[in-house]
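Listed below, chain by chain, are the residues.
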Amino acid sequence: MFRGFITILCFSFFGGCQKTDFGSCNTEEALYQNANFPIGTAVSPIEIESNEEYANIVKTQFNGITPENAFKMDALQVIEGVFSFSEADSIVAFADRHRMRLHGHALVWHNQLPAWINNYSGSKSDWILILEKHVKTVVGHFGNTVTSWDVVNEAFEDDGSLRKNIWFENIGEDYIELAFKFANEVNKDALLFYNDYNIAQKTKKCEAIVEYLRVLRSKGIRIDGIGMQMHIHLSYPSNAKIGSAFNAISEADFLVHISEIDISLNTSGEMRLTENKLQKQGEKMFDVVSAYRNIPKEYQFGITVWGVSDADSWITTYFDRIDYPLLFNEQYEAKPMYCGFKEALAN
Ligand code: XIL
């Protein structure tokens, strides 16, 4: 799969502009090769074991991985107090074998909870014990095989208010700082992240998160960075909004992780895949990565895409719609989105 870049010079009404055709590019050199920060992907242990094309891409193109589901609470603690780590450990072994940075996702979230917890009734202190046991057991189990954790995932609503999830209802907002405190007590080295979606799109949400975490920090709680999921679309959020969110987070002294990027092409429900849309997706990826490279290096924690190919993206199943949001197509061939990514890293 060796292809060359074609660069087209275009001249708009406003003067000269350079537009790159992301139709094809060299995939022999790894995506991460020219990057100053790790380039990761979300992975599933079953695909790694049973799908050779998938596993090959993961091994050769990326130097970071995030378990897509295997580290979530419903996977690790199916029965109250009983932890099962075998699937998760297979990812640890894979990451170790291929020298990839492993990002743990996610310790405390309102989704993908085990059934028992939804039926659990207990006092506030009982709930705090559940939180403590889960966070400490999981962080303790993985030790330094995991470089960084999404400690709390999606605690905010789009309007900047706190989400009234099961943890909030039973513990109150303290569950957020407790989660970070418990994680820190077990591992002082692993980097601790808060992770959420729509951070660039919803300015109020971004401001509320940054301010909330800044206050926790001033109380002595260790929070190292913010994960911006970035499940985005071709036309939104705008590049300006994306750049502002990167700046707001890094200026507040938090590492920035693009933690789950994918770019949806299907916003209307109807989907006809065209070359033009694929090109635009390549341009959007180029723009996002270029903006990310504008923040100071010390804040660039890395970029992680949420899956390998369009055949395995969560978007099609979760939202039940046709879509093409990832770097590789269903035949595991690099798309313009891959080339746009690479070009922005090399620039
Ligand atoms: C998704 C997974 O990709 C799917 O396989 C699963 O069915 C649902 O969760 N935000 C997150 C991720 O933080 O954990 C979600 O992952 C996608 C949205």
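Coordinates for the structure precede this section.
These numbers come from a predicted model, not from an experiment.

Bringing the overall build of the protein chain into the picture now. Along its length, the protein chain carries 13 helices and 11 strands. Since a compact globule built from 347 residues should have a radius of gyration of about 20 Å, the 20 Å found for the protein chain is in line with a globular shape. Seen through its C-alpha atoms, the protein chain measures out along the principal axes to roughly 65 × 45 × 40 Å. Out of the 347 residues in the protein chain, the part that is buried amounts to 55%. Long-range pairs, those at least 24 residues apart, make up 75% of the contacts in the protein chain between residues at least 6 apart in sequence. Across the protein chain, 31 positive and 46 negative side-chain charges occur, with their mean positions spaced 4 Å apart.

For the rest of this paragraph, the subject is the packing of helix 11 (residues 275–293) against helix 13 (residues 336–346). For the pair helix 11 and helix 13, interaxial distance at closest approach is 7 Å and the crossing angle is 25°. On the basis of the axis angle, helix 11 is roughly parallel to helix 13. Relative to helix 13, helix 11 is oriented so that their crossing is right-handed. Taking contact as the criterion, the partners of Leu278, Gln279, Gln281, Gly282, Met285, Phe286, Val289, Ser290 and Arg293 in helix 11 are, on helix 13, Pro336, Met337, Gly340, Phe341, Glu343, Ala344, Leu345 and Ala346. Grouping the amino acids of the contact of helix 11 with helix 13 by side-chain chemistry returns 10 nonpolar, five polar and two charged.

Looking now at the nonpolar core. Counting 108 residues, the largest nonpolar core has Phe142, Trp149, Val152, Trp167, Tyr175, Phe246 and Phe341 as its most contacted members. Apart from residues no more than four positions distant in its own chain, phenylalanine 246 is found in contact with Met228, Met230, Val256, Ile258, Val288, Ala291, Tyr292 and Ile295.

Along strand 4 (residues 64–67), one buried face is formed by Gly64 and Thr66 and the opposite face, lined by Ile65 and Pro67, is buried too. Pairing geometry for strand 3 (residues 39–43) and strand 4, over four bridges, is parallel. By the bridge assignment, threonine 41 is partnered in strand 4 with isoleucine 65. In terms of strand pairing, strand 4 meets strand 5 (residues 101–108) through two bridges, oriented parallel. Among the inter-strand pairings, glycine 64 is bridged to a residue of strand 5, identified as arginine 101.

The next thing to look at is helix 8 (residues 174–186). Think of an α-helix as 3.6 residues a turn; residues three or four steps apart then line up on the same face. The terminal C-alpha atoms of helix 8, which comprises 13 residues, lie 19 Å apart, in line with the 18 Å expected from a rise of 1.5 Å per residue. Buried within helix 8 we find Tyr175, Ile176, Glu177, Leu178, Ala179, Phe180, Phe182, Ala183 and Asn184. Check the buried side of helix 8 and you find it contacts strand 5, helix 6 (124–142), strand 6 (148–153), helix 7 (166–171), strand 7 (191–196) and helix 9 (203–218).

Criteria and thresholds
- Residues numbered from 1 in each chain as written.
- Predicted model: local features only at pLDDT ≥ 70, side-chain atom pairs only at ≥ 80, totals over all residues.
- Heavy atoms only, no water.
- Helix = DSSP H or I, 4+ residues; strand = E, 2+ residues; numbered from the N terminus.
- Rg over C-alpha atoms; globule rule 2.2 N^0.38 Å.
- Buried < 20%, exposed > 50% of the residue type's maximum accessible area, 1.4 Å probe, protein only.
- Contact = heavy atoms within 4.5 Å.
- Lys, Arg positive; Asp, Glu negative; His and termini not counted.
- Charge placed at Lys NZ, Arg CZ, Asp CG, Glu CD.
- Axes fitted to C-alpha atoms, helices over the stretch in contact; angles between N-to-C directions.
- Parallel < 35°, antiparallel > 145°, perpendicular 65-115°, else oblique.
- Left-handed = near helix turned anticlockwise from the far one by under 90°.
- Nonpolar A, V, L, I, M, F, W, Y, C, P; charged D, E, K, R; others polar.
- Core = buried A, V, L, I, M, F, W, Y, C linked by side-chain atoms within 4.5 Å.
- Pairing = 2+ DSSP bridges.
- Expected span 1.5 Å × (residues − 1).

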